[in-house]
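So you can see what is in the structure, the chains are spelled out below.
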Amino acid sequence: MRVASYPLAALQPAMVVNHLRAPRSGVDVVQMVCTLHEAVDVARLRAAWETVTARHGALRTSFSWEGVAEPEQVVHDAAMPDVVVHPGADDSALRAFLAEDRTRGFDLAAAPLQRVTLFRFADAEWVMVWTFHHILMDGRSFPIVLREMFAEYDGAAMLVVARRPFRDFVDWYTTRDFSGAEGFWRERMRGLPGATPVPAGFGEPNATGRGWHTRMFAAEPTAALERFAKANKLTMNNVIQGAWSLLLSRHSGETDIAFGATRACRKGTIEGADDIVGMLINTLPVRVQVKPELTLAAWLGELRETWRSLFDVEHTPLRLVQRWSDMSANAPMFDTSLVFENLTLDATLKAEGGAMASRDFYLLGGTNFPLTALVFGGTEMTLQVDNDRSMIDDETAVRLLGHLATLLESMAAHPEATVAEISMLSAAERELVVSEWNATDVAYPPDATLVSLMVQQVSRTPHALAVRDERTSLTYAELDSCARALARRLRSLGVGPGVLVGVCAERSVEMVIALVAVVKAGGAYVPLDPDYPADRLAFMIGDAAAPVLLTQGHIAPTLPPHGATVVLLDDAATFTDNIGTELPPPSAGDPAYMIYTSGSTGKPKGAVNAHSGIVNRLLWMQGEYQLGASDVVLQKTPFSFDVSVWEFFWPLIAGASLVMAKPGGHRDTGYLVQVMTERGVTVCHFVPSMLRAFLADRASATCVALRDVMASGEALPPDVVAAFYAALPGARLHNLYGPTECAVDVSYWACPPSVVAPQVVPIGRPVANTQLYVLDEGDEPTPVGVPGELYLGGVQVGLGYHGRPELTAERFVVAAVQAPASRLYRTGDKARWRPDGTVEYLGRLDFQVKIRGFRIEPGEVESAVLAHPGVREACVLAREDEP
Ligand code: AMP
Ligand code: MG
């Protein structure tokens, strides 16, 4: 029989909505697990539950929303909970029960919305699970009910206080007028960029239900945080909220953070509110601006004010706050929530003493947030997170728990620090990401140069086929002679260490002779692609100011005006005069080549690489993939693109042969299939977008000699990996990564056929003598899973940009991430470590784009467009139109 009905309050309407949306999801179902080391008298326990249920209207309440203008809660005279003994009684039975019991949920329209299940593990070892719907009562109420129930059960003399019914609070609540809060909330929520993204795991979570993870926080740092809070007039709640804000900020890269926090909402309501059993709490957005430059104490002081300022508006229903925010009705303001309690429920109840002191209490909640954090005070704090497994996997949740602990430890250890200095990276993890995963030392001959390695190969296999194109071919000895003859000519023209030599040629054997000759002469070659527009060639020729230009007879007349001495390559394959002896070789530190990449200010920039860098890259590659005499490498990448550097030189230092694709052939999949099958190509490179096009041509499956295919230049999509293994099951696909500034590639990963979207194909681990660092804006390494900017260290870091000292200083920086501080290259790439020690590429931090692997700075395009006279005129006119 109904004894009363009244409206819903606080979070109750939202919980009805949750229930209607997903009645079996376990959301808002609370399970209190009580371990009782005593012989339980079931009949007496049942009677005790009946007594407390009869005492508190909240425990006899159901909800009705059909056929009524406004949903209401209905109190019944009798709604006794079932108290049953479960047949199974071991850990697995309990676990299974908890999962089943949670999804069984409750029908909110039918009281009772609570039940009690007993497990008899042994005569004097029981577990009582009290399951109820959160809509009945909040966290302040649970201990009241348990304390009263056990007092009844124990027959302990307990003064039953006259508690005010929940209804009194509801009556007070329903007279609230929230319109006064509108201004506050509009101001508070203005400009929120969206819900702060929840920290991302790896791949797609495919589990269901909720995970709970707990971690204790040691007594010593707990005490230190308490001292710090006290000294700065802060509460532990402020400190915990600060740590949570930092965690969300560091993971998302946002400084404007919002999360949900629960307020007790009892103070300042009605007298005696503290003792009410019912649902009074409210969840509200906490908006935090993370200010790295402030001291921790000053920043947490701001958080304290943010939190305090909510007092006057703390009852505002969330849906009103949502309406007053700039966010649309179905875009949540926050996806995580944080709860801080001074004590765990267990500690609260044990503090009762008597029989209660020997009972253990553990609570399993279940919000509908992807991620909830709960922190309980005490001598040792308890940190807890629970996650919606369909959105965040357990491994990620555990990692986040670690990050929360590390942030708090860092705060405890460095109370004087600035916000930026508070670290989320433990010492052990720092060691892992900085040193262990970067321990790539391999001893290669320290003085080796492209020249010395090629000369050694010539002496090993003089008569083997070195290079061929459609017209001609050369053995190692022949290539060496031709190149040496040309090198002598270059020397006579002043070429030597540090001198740049332009090479403007089509793909051919002569092109190879030219490149080998330039390095033999001690110079550094600068590829000038004859397909490039005249303006761009003119710029590069002028910028490089190379004294000598190697080109072909049919190209020379098309070159823009320049002051260089021209040497024609047309007969290079027949050069036999003036071979002489080997010239004095360049040193390892001398520049070997310079390649132009797009520049954001409108002008391309020449990235210079030393022999030591490219030699390291080639020796690593040979160690890893081992080219042999029978291997055939296809050279198809335009030589203005640095991938070509290994295509040229790797086979030539390893005794394999090099097949030059015909000019323009790299764009023609039919031709590529033909040349690969005809020549038995075993190794080649593809930019992923070209690989996709190549694989789309069914004939690609006939390239059965292919053994290793290298992909690089842009992100490798998983579907291309799948297409690759479908077409070429006998070959291996590798994802290589690296900028032109660091000798082609600095990381590698062998793609297994098993990667599937939405997994990301990692760019892998560092190559030999190379370090990868993922750093935050304060140049501190980020933990596993947390995005930052990728920095590169080691011998492949190039010499910088030709004639651009400021730009060089901006991108090649000295950083102290590892002692001794070393020169690193800032890639501008966003990346993060995976738990397996490989790196994931997550996109660019600037506007650079890749089009079929070619690096393009939109800034360069923009300045070209703006420089067009028509556009300039239009801009002037537009400006005149302005008022
Ligand atoms: P480039 O100097 O032309 O080699 O371009 C280097 C840039 O290309 C890098 O900074 C990345 O942005 C991108 N890139 C190169 N290789 C990869 C890869 N394997 N995956 C994703 N991006 C890549
Ligand atoms: Mg590259």
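Enquirer: Which residues make up helix α17 (residues 534-544), and what are the values?
Expert: Within α17, the full set of buried residues consists of Leu537, Met540, Ile541 and Ala544. The arc that holds every buried residue of α17, seen down its axis, measures 95°, which confines them to one face. Looking at the buried side of α17, the elements it contacts are β17 (500-504), β18 (524-527), β19 (548-551) and β21 (591-597).

Enquirer: How would you explain the pattern of salt bridges if you had to name every residue and give the values?
Expert: Once the charged atoms of two side chains with opposite charge are near each other, the side chains can pair. Taken as a whole and judged by the stated rule, the model has 45 salt bridges. The shortest N-O distance in the salt bridge between Arg389 and Asp394 comes to 2.8 Å. In this structure Asp394 comes out as partly exposed when scored by relative accessible area, which is 25%. Residues joined by salt bridges that share partners form a network here, namely Arg55, Glu148, Glu152, Arg163 and Asp275.

Enquirer: Tell me about the sheet that holds strand β5 (residues 82-85), and name the residues and values.
Expert: Reading across from one edge, β5-β6-β7-β2-β12 is the order of the five strands in this open sheet, with mixed pairing throughout. Only two strands of the sheet have a single partner each, and these edge strands are β5 and β12 (359-364). Sheet twist, expressed as the mean angle between neighbouring strand axes with direction ignored, is 15°. Taken together, the six bridges between strand β2 (residues 29-36) and β12 define a ladder with antiparallel strand orientation. Each bridged residue has a counterpart across the sheet, and for Cys34 the counterpart in β12 is Phe361. Those strands touched by helix α3 (residues 91-104) are β2, β6 (114-122), β7 (125-133) and β12, and its axis lies near 175° from that of β6. Lying on the sheet, helix α4 (residues 141-154) is in contact with β2, β7 and β12; it crosses β7 at an angle near 135°.

Enquirer: Pulling in residues and values, what's your account of the packing of helix α16 (residues 509-520) against helix α19 (residues 643-654)?
Expert: Viewed as axis vectors pointing N to C, α16 and α19 meet at an angle of 75°, and their least axial separation amounts to 11 Å. Here α16 is positioned roughly perpendicular relative to α19, judged by the angle of their axes. Only Phe648, Phe649 and Leu652 of α19 make contact with α16, whose side of the interface consists of Met511, Val512, Leu515 and Val516. Classifying every residue of the contact of α16 with α19 gives seven nonpolar, no polar and no charged.

Enquirer: Talk me through the side chain of Thr222; I want residue IDs and the actual numbers.
Expert: In this structure, Thr222 sits in helix α7 (residues 219-231). Among the polar contacts made by the side chain of Thr222, one reaches the main-chain amide nitrogen of Met381 at a distance of 3.4 Å. In this structure Thr222 touches Phe217, Met236, Gly378, Thr379, Glu380 and Met381, once residues within four positions along its chain are discounted.

Enquirer: Provide a residue-level description of the site of ligand 1, including the pertinent values.
Expert: For ligand 1, the set of nearby residues contains 16 residues, the closest of which are Leu736, Thr740, Asp829, Lys850 and Arg855. A distance of 2.9 Å separates a nitrogen atom of ligand 1 from a polar side-chain atom of Asn735. Here an oxygen atom of ligand 1 sits 2.5 Å away from a polar atom, N or O, in the side chain of Asp829. Contact with the protein chains covers 97% of the free accessible surface of ligand 1, which is 490 Å². For the shell around ligand 1, the secondary-structure elements that each account for two or more residues are β27 (732-737) and β35 (839-844). For the shell around ligand 1, the element with the most residues is β27, which contributes three residues. Each residue belonging to the shell around ligand 1 can be placed in one class, and the counts come to seven nonpolar, four polar and five charged.

Enquirer: Can you explain the packing of aromatic side chains? Please cite residues and give values.
Expert: On inspection of all chains with the given rule, the structure shows 24 aromatic pairs. Where Phe648 meets Phe649, the ring centres are 6.3 Å apart and the plane angle is 65°; that geometry is what we call edge-to-face. In this structure Phe648 comes out as buried when scored by relative accessible area, which is 1%. Judged by centre distance (5.0 Å) and plane angle (85°), the ring pair of Phe724 and Tyr725 falls under edge-to-face. Assigned by exposure class, Phe724 and Tyr725 land together as buried. Taken together, the aromatic side chains of Phe166, Phe169, Trp172, Tyr173 and Phe178 make up a single cluster linked through ring pairs. Positioned over the ring face of Phe106 is Arg115, at 4.2 Å from the centre of the ring. The ring of Trp307 carries the charged tip of Arg263 above its face, separated from the ring centre by 4.5 Å.

Enquirer: Got a sec to walk through helix α1 (residues 12-21)? Specific residues and values, please.
Expert: When α1 is considered as a whole, its buried residues turn out to be Gln12, Met15, Val16, Asn18 and His19. For α1, the angular spread of buried residues about the axis comes to 160°, placing them on one side. Buried residues along α1 sit against β3 (61-64), β4 (72-76), β7 and α5 (166-174).

Reading the values: rules and limits
- Residues numbered from 1 in each chain as written.
- Chains lettered and ligands numbered in written order.
- Predicted model: local features only at pLDDT ≥ 70, side-chain atom pairs only at ≥ 80, totals over all residues.
- Heavy atoms only, no water.
- Buried < 20%, exposed > 50% of the residue type's maximum accessible area, 1.4 Å probe, protein only.
- Helix = DSSP H or I, 4+ residues; strand = E, 2+ residues; numbered from the N terminus.
- Arc of directions from axis to C-beta.
- Contact = heavy atoms within 4.5 Å.
- Salt bridge = Lys/Arg side-chain N within 4 Å of Asp/Glu carboxyl O.
- Pairing = 2+ DSSP bridges.
- Axes fitted to C-alpha atoms, helices over the stretch in contact; angles between N-to-C directions.
- Parallel < 35°, antiparallel > 145°, perpendicular 65-115°, else oblique.
- Nonpolar A, V, L, I, M, F, W, Y, C, P; charged D, E, K, R; others polar.
- Polar contact = N/O pair within 3.5 Å; in protein donor to acceptor, adjacent residues only side chain to side chain.
- Near = heavy atom within 4 Å.
- Areas by Shrake-Rupley, 256 points an atom, 1.4 Å probe, with all protein chains shown as cover.
- Phe/Tyr/Trp six-rings, centres within 6.5 Å; stacked < 30°, edge-to-face > 60°.
- Lys NZ or Arg CZ within 6 Å of the ring centre and 35° of its normal.

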